[in-house]
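Structural characterization, general
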Amino acid sequence: QVQLVESGGGLVQPGGSLRLSCAASGSIFSIYAMGWYRQAPGKQRELVAEITSGGKTNYADSVKGRFTISRDNAKNTVYLQMNSLKPEDTAVYYCNGAILSHGSRHGIDYWGQGTQVTVSS
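The rules behind each value
Residues numbered from 1 in each chain as written. Predicted model: local features only at pLDDT ≥ 70, side-chain atom pairs only at ≥ 80, totals over all residues. Heavy atoms only, no water. Phe/Tyr/Trp six-rings, centres within 6.5 Å; stacked < 30°, edge-to-face > 60°. Helix = DSSP H or I, 4+ residues; strand = E, 2+ residues; numbered from the N terminus. Buried < 20%, exposed > 50% of the residue type's maximum accessible area, 1.4 Å probe, protein only. Lys NZ or Arg CZ within 6 Å of the ring centre and 35° of its normal. Core = buried A, V, L, I, M, F, W, Y, C linked by side-chain atoms within 4.5 Å. Contact = heavy atoms within 4.5 Å.

1. Re the packing of aromatic side chains
Scanning all chains against the criterion turns up one aromatic pair. Taking the centre distance of 5.0 Å and the plane angle of 65° together, the rings of Tyr37 and Trp111 count as edge-to-face. Taken together, the residues Tyr37 in strand β4 (residues 28-39) and Trp111 in strand β10 (residues 108-111) connect sequence positions 74 residues apart. Its relative accessible area of 22% is what places Tyr37 among the partly exposed residues. Lying across the ring of Tyr94, Arg45 places its NZ or CZ 3.7 Å from the centre.

2. Some remarks on the nonpolar core
Nonpolar side chains tend to gather and get buried jointly when the protein is soluble and globular. Formed by 31 residues in total, the largest nonpolar core has its most connected members in Trp36, Leu80, Met82 and Tyr93. Mapped onto this core, the elements with two or more residues apiece are β1 (2-7), β3 (18-26), β4, β5 (46-51), β7 (67-72), β8 (77-82), β9 (91-101) and β11 (115-119). Contacts of Leu80, omitting those with residues within four sequence positions, involve Leu18, Arg19, Leu20, Trp36, Val48, Ala49, Phe67, Thr68, Ile69 and Tyr93.

This is the structure:
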């Protein structure tokens, strides 16, 4: 089994910063891409940022220039540094990982439990 555990959410004022972390653990053979998604009330879950095992990144247009995704392959951890936060960034943020576990023939998507980010004055 593989688990993804997020941390770092909270309440922040507009213009502030937060850093999210997501650690993968369990019977991991290899991790391909990891990413962050978010879901605001009444809206569909959307991709925020993703990063491949080689470090290639992709961002939603709404967060380009403000958010930075990074990963520590040795720790099986992905980070999301969020700067210049806006009220519209308020959502539950979910970590995602495309992971091949020991004994499996194919990688599958795993999800964290989500962490709330609220941007409000």
